[in-house]
Amino acid sequence: MADNNAELVFLPLGGLGEIGMNLALYGYGPAKKREWIMVDCGVTFPGPDLPGVDLVLPDIEFVREQRDNLKAMIITHAHEDHFGAIATLWPGLNVPVYASPFTAGLLEAKREYDSWMREIPVTIFKGGDTINVGPFTIEGVPVNHSIPEPMALAIRTPLGNIVHTGDWKIDHAPTLGPKTDEARFRAIGDEGVLALMCDSTNAMRDGVSPSEEEVSASLRKVIENAEGRVALTTFSSNIGRIRSIAKAADEAGRQVLLLGSSLKRAVAVARDLGLMEGVKPFVDEDEFGYIPRDKVVAILTGSQGEPRAALAKLSRDEMRNVALAAGDLVVFSSRAIPGNEKAIQEIKNGLVEQGVHILTDGEALVHVSGHPRRNELKQMYEWIRPEILVPVHGEAQHLTAQKELAEQSGIPQVPRVRNGDMLRLAPGPAEVIGQVEAGRVFKDGKLIGNFDEMGIGDRRKLSFVGHVSVNVVLNSKFEFSGDPDVVPIGLPGFDDDDEKMEDVLFDAVLGAVESIPRSRRKDLGMVKEAIRRSVRAAANECWGKKPVVTVFVNKSS
């Protein structure tokens, strides 16, 4: 029974206004005494504007403040943008985690690979299961996506039912199940659904997605028609696609090898769960050179341009046992995540320089997205018939496109929600009733912190203008005790007159100190600032940029 003062709220801390970093909270209870569940806990990946950063994570300070009221973390599937932050953020929360066997297996495989990770106890929860967590009853509903064991969540509360789709699509002929469970969604719709939180990634694309079976048939033709080696890159967790490639290669009389640690980990977990049944064992990397060119297929990581992934190394000819040659074929069985286009293009250019042919999904059916297009979204609306639809999982243009589609489809309420907006779903009409901090934190090596704490602004500045270190020692008469040390890093070596930059800056240090009367050099802080200003001015005059300058001034005894 609903408490008279209780409210049902939705609070996204990531994933609304961006691709990646999905984290959603659902709360039930009076404003000051809500119980919460977290759905997904994902990361996004840094671009060149975040030098040195390894991962970008949602800021969960609000969750930490509510830690005693957080009842569980439920993970819809094992893509990094939905579960990649668990290892880093869970130790500060220590709440029960519910996830599918494949998700749990990948999490454990990560821990074995990364020694710093703590063991995270996971309760197995998959499509078809139901759990009770505080005031929430949560049912996993099977959906199809580009990874094993994805699920939507039907969340039942005293104030109404919610469907959180996670990532999904409708595919009547997948190479690896499950299919999206239309009958179950229709039954849930018949119960009555207050709110549908729905994937928006492909809301700008008309029609219906091709079937994975069609992609599989197309890949078979590509492999059969190739004259040299074939290398295919896809997401490591797309086990259905990996199965399709392996079977197509076998039918074409080719052997298959895997390249990339994350790919090997995902396939090992899939084998343990029986998901690679019927797929022959893969060959080792050191056998590659002994297999005829027309008898080998490589499946490898690097579809998003990751510089340390196997495909990037191949494009730079940096792998010890594996290399491509003119006439070989690389197939991008993937689509670029927004922001990765430049890195992917650099890899393509490196391969083309080697005479390698490139095939993408723009030229042949070698990939299909795991997200619903507009006609699939309309089908979900018909099954669920929600009172409220909240577009989630997407950038502003994707969220807006689904908002317009939902309104055209006659859904009564389609509120605009972004990260940090607290949306009251019930009682009363859907309404944003407040905001909480929904920023980002950054994982850099072993440390985590915000933009300022991790020194990212300074790194950006250093990447543009370099750094100069100056060390000056003054004697008892406040004159130079030996030559000052000037060490420029990241600056041009010479100016326009072919004078060494180090000499230009050295002269600037001498001039700065000598321009100060000896009686005033007792103020070492003032001397330090004069040197800093002089060095920056000298660099700016000959270079047009002002470097970061660190000055040390000491007095000898």
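Details of the structure are given in the entry above.
Quick look at the structure, then.

Parameters and conventions
Residues numbered from 1 in each chain as written. Predicted model: local features only at pLDDT ≥ 70, side-chain atom pairs only at ≥ 80, totals over all residues. Heavy atoms only, no water. Buried < 20%, exposed > 50% of the residue type's maximum accessible area, 1.4 Å probe, protein only. Helix = DSSP H or I, 4+ residues; strand = E, 2+ residues; numbered from the N terminus. Pairing = 2+ DSSP bridges. 1 Å grid on protein atoms, 1.4 Å probe; cavity = no way out; pocket = protein on both sides within 12 Å on 5 of 7 lines; lining within 4 Å. Points joined across faces, edges and corners; volume = space filled by probe spheres on them. Nonpolar A, V, L, I, M, F, W, Y, C, P; charged D, E, K, R; others polar. Axes fitted to C-alpha atoms, helices over the stretch in contact; angles between N-to-C directions. Parallel < 35°, antiparallel > 145°, perpendicular 65-115°, else oblique. Contact = heavy atoms within 4.5 Å. Arc of directions from axis to C-beta. Left-handed = near helix turned anticlockwise from the far one by under 90°. Core = buried A, V, L, I, M, F, W, Y, C linked by side-chain atoms within 4.5 Å.

Turning next to the pairing of strand S4 (residues 55-58). Residue alternation in S4 divides its side chains into two sets, Leu55 and Leu57 and Val56 and Pro58, and both sets are buried. With 4 bridges joining them, S4 and strand S21 (residues 440-444) adopt antiparallel strand pairing. Opposite Leu57, over in S21, you have Val441 as the bridge partner.

Within this model, the second largest pocket holds a volume of roughly 190 Å³. Lining of the second largest pocket is provided by Ala246, Lys247, Asp250, Arg254, Gln255, Val256, Gly278, Val279, Lys280, Pro281, Phe282 and Val283. Contributing elements (two or more residues each) for the lining of the second largest pocket: helix H7 (239-251) and strand S14 (255-259). Class assignment for the residues of the lining of the second largest pocket results in 6 nonpolar, 2 polar and 4 charged.

Below, the discussion takes up the packing of helix H5 (residues 182-191) against helix H11 (residues 374-384). Helices that pack against each other are described as a pair by the angle of their axes relative to one another and the distance between those axes. At a minimum axis distance of 7 Å, the contact between H5 and H11 shows a crossing angle of 50°. The orientation of H5 with respect to H11, classified from their angle, is oblique. Facing Glu182, Phe185, Arg186 and Gly189 of H5, the residues of H11 in contact are Met380, Trp383 and Ile384. Residues belonging to the contact of H5 with H11 are distributed by class as follows: 4 nonpolar, 1 polar and 2 charged.

Let's shift gears to the sheet that holds strand S7 (residues 122-124). Spatial ordering of the open sheet is given by S7-S6-S5-S3-S2-S1-S19-S20, a layout of 8 strands whose pairing is mixed. The outermost strands of the open sheet, each flanked by one partner alone, are S7 and strand S20 (431-435). Between one strand axis and the next, the sheet turns by 25° as a mean value, whatever way the strands run. Contacts from helix H4 (residues 101-113) reach strand S6 (97-99) and S7 within the one sheet, and its direction differs from that of S7 by about 155°.

Glancing now at H5. Among the residues of H5, Phe185, Ile188 and Gly189 are the ones counted as buried. In an axial view of H5, the angular spread of the buried residues amounts to 105°, which keeps them on one side of the axis. For H5, the exposed residues set more than 90 degrees away from the buried face come down to Ala183 and Asp190. Looking at the buried residues of H5, the elements they touch are strand S9 (136-142), strand S10 (151-157), strand S11 (160-164) and H11. Positive backbone phi, at 105°, marks Gly192, one or two positions downstream of H5.

Turning next to the packing of helix H6 (residues 212-225) against H7. It is at 9 Å that the axes of H6 and H7 come closest, and there the two elements cross at 35°. For H6 against H7, the interelement crossing comes out right-handed. Residue-level inspection shows Glu212, Val215, Ser216, Leu219, Arg220 and Ile223 of H6 in contact with H7, the latter providing Arg241, Ser244, Ile245, Ala248, Ala249 and Glu251.

What follows covers the sheet that holds S4. The sheet built from 3 strands is open, its strands ordered S4-S21-S22 with antiparallel pairing. Both outer strands of the open sheet, S4 and strand S22 (447-449), are each paired with one neighbouring strand and no more. Across this sheet, the average inter-strand angle for adjacent strands is 25°, counted without regard to direction.

Another aspect to go through is the nonpolar core. One broad trend across soluble globular proteins is that nonpolar side chains are buried collectively. Ranked by internal contacts, the top residues of the largest apolar core, which has 70 residues, are Leu25, Met38, Met73, Ile86, Phe102, Ile239 and Val331. Each residue touching Ile239, except ones within four places of it in the same chain, is listed here: Phe102, Pro148, Leu176, Ala266, Val267, Ala270, Leu275 and Met276. Phe125, Ile162, Leu194 and Ala430 belong to the second largest nonpolar core, which has 33 residues in total.

In this structure, Pro178 follows Gly177 across a cis peptide bond, with omega equal to 5°. For Pro178, the location among the structural elements is in the loop between S11 and H5. Omega for the bond connecting Ala426 with Pro427 falls within 30 degrees of zero, at 0°, which places this linkage in the cis form. Considering the arrangement of structural elements, one finds Pro427 in the loop between strand S19 (421-426) and S20. The backbone of His393 shows a phi angle near 60°, a positive value even though the residue is not glycine. Assignment of secondary structure puts His393 in the loop between strand S18 (388-392) and helix H12 (396-408). Judged by its relative accessible area of 5%, His393 is buried.

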